[in-house]
Amino acid sequence: MPSTLGDTLLASLRVRDIDEFYQPLADRTRAQARNVVVELRKICDLGLTLGYLQANLARDFKRLRKRPKLAKYAPEPAPLNDLHMVAVAYRTCPDRNGPEPSMLLEDVINVILGTSARIGEAVGLRWATIDLYSDVPTVSVLGTVIEKSATGKYYQDYPKTASGERAIPIPDFLVATLRRRLSENITGNPFVFHTATGRVTGPQDVHRALRNVRKWSETQENLPTISDEMVPRSLRKSVASLIAHKGTLRAAADTLGHKRSRVTEDHYVKKVKQAPDMRHLLDELDPWANPREQGDMA
């Protein structure tokens, strides 16, 4: 069998030839293998028209099933608590080299978990759009921080999408975090998160802090290590999954700033594999519940 199908006469092409060519290619590049099959179908259609083939063999060929999507990593409370504990331990460790880190990572984690904000939206929060003293405290997401190698980081006064502009009621733990940061904002900086020079904090500042904590945790025997999948986007998935399972999918989409709930379901909500509790129905199938008398078995 040639390494490609280009040397195979169309009249002698077999489904087996296509299969033997397709399978190794699919193992390497599934998308390219799909494109090859599409082109083969066009070639075989032409072969049918010219009378070289009696059937379109490429259409009879059954491609490999699409691989199932990997389960979404939406950390549960236990690994989230581990992340917070390790971040605090790293910041307060007396034996760690260098100056004590700020509470940037811990506070941004709280913002994302308390609002579902994207990382750029979280670091771009401004005090003018936050209400901490109403009966229902809220954070309004009206912009985001953009960070690019060519232009650096800057605040953009509109979010990623139009539906991303939203006011989010926030939980008590985030209210406490923001009130503390407000009391520490002695310079009156308009941003919740900013550098020592007064510039807005960028997403990469948070990613860098998380990488430092993760790397440090790997050297500590008495602390849990932080998974590589524990990134700001996975925290949004935790929020989406919790709201979708305990509330509604539409509520999760509105909280995350998605126009279509299908986006939230496909990319953010962790599927629940727990089957419904139908034990009361299955009990009716118990073969020992109503044993037959021996006379009935005669």
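To start, this report covers the structure provided alongside it. Only a predicted model underlies this, so the values are computations on that prediction, with no experimental measurement involved.

This part takes up the pattern of salt bridges. Within the structure shown, the criterion is met by 15 salt bridges. Here Glu121 and Arg166 are joined by a salt bridge, their closest N and O atoms 3.1 Å apart. Pair noted here: Glu121 is in helix H6 (residues 119-123) and Arg166 is in strand S5 (residues 166-169), with a separation of 45 residues, a long-range link. Take Glu121: its relative accessible area is 1%, and that puts it in the buried class. What makes Arg166 buried here is its relative accessible area of 9%. With a closest N to O distance of 2.8 Å, Asp277 and Arg279 form a salt bridge. Since its relative accessible area comes to 60%, Arg279 is described here as exposed.

All right, on to the sheet that holds strand S1 (residues 130-131) then. Pairing is antiparallel in the open sheet, where three strands are placed in the order S1-S2-S5. A single partner strand is all that each edge strand has here, and the edge strands are S1 and S5. Relative to strand S2 (residues 138-141), S1 runs antiparallel, the two sharing two bridges. Bridge pairing links Asp131 to Thr138 in S2.

Right, let's talk about the packing of aromatic side chains for a bit. Per the stated rule, a full pass over the model turns up two aromatic pairs. Between Tyr90 and Trp216 the ring centres are 5.4 Å apart and the planes differ by 65°, which places this aromatic pair in the edge-to-face class. Highlighted residues: Tyr90 in helix H4 (residues 77-92) and Trp216 in helix H8 (residues 203-217), separated in sequence by 126 residues. Of the residues examined, Tyr90 reaches a relative accessible area of 14% and is grouped as buried. Taking 5.3 Å as the distance between ring centres and 65° as the angle between the ring planes, the aromatic pair formed by Tyr155 and Phe191 counts as edge-to-face. With a gap of 36 residues between them, Tyr155 in strand S4 (residues 152-156) and Phe191 in the loop between helix H7 (172-184) and H8 connect regions that are remote in the sequence.

Moving on, we come to the environment of Gln220. As for its placement among the helices and strands, Gln220 is situated in the loop between H8 and helix H9 (232-246). Take Gln220: its relative accessible area is 23%, and that puts it in the partly exposed class. Remark: the alpha-carbon pair of Gln220 and Val111, spanning 109 residues in sequence, is separated by 27 Å. A distance of 2.9 Å separates the side chain of Gln220 from the side chain of Thr219, its partner in a polar contact.

Once that is clear, we can look at the side chain of Thr177. Looking at where Thr177 falls in the secondary structure, it is placed in helix H7. At a separation of 3.0 Å, a polar atom in the side chain of Thr177 contacts the side chain of Asn110. Thr177 has contacts with Asp107 and Asn110, leaving out every residue within four places of it along the chain.

Only one face of S5 is covered, namely the face carrying Arg166 and Ile168; the face carrying Ala167 and Pro169 is uncovered. Here four bridges tie S2 to S5, and the two strands are oriented antiparallel to one another. When the sheet's bridge partners are listed, Val141 is paired in S5 with Arg166.

So, how was this worked out
- Residues numbered from 1 in each chain as written.
- Predicted model: local features only at pLDDT ≥ 70, side-chain atom pairs only at ≥ 80, totals over all residues.
- Heavy atoms only, no water.
- Salt bridge = Lys/Arg side-chain N within 4 Å of Asp/Glu carboxyl O.
- Helix = DSSP H or I, 4+ residues; strand = E, 2+ residues; numbered from the N terminus.
- Buried < 20%, exposed > 50% of the residue type's maximum accessible area, 1.4 Å probe, protein only.
- Pairing = 2+ DSSP bridges.
- Phe/Tyr/Trp six-rings, centres within 6.5 Å; stacked < 30°, edge-to-face > 60°.
- Polar contact = N/O pair within 3.5 Å; in protein donor to acceptor, adjacent residues only side chain to side chain.
- Contact = heavy atoms within 4.5 Å.

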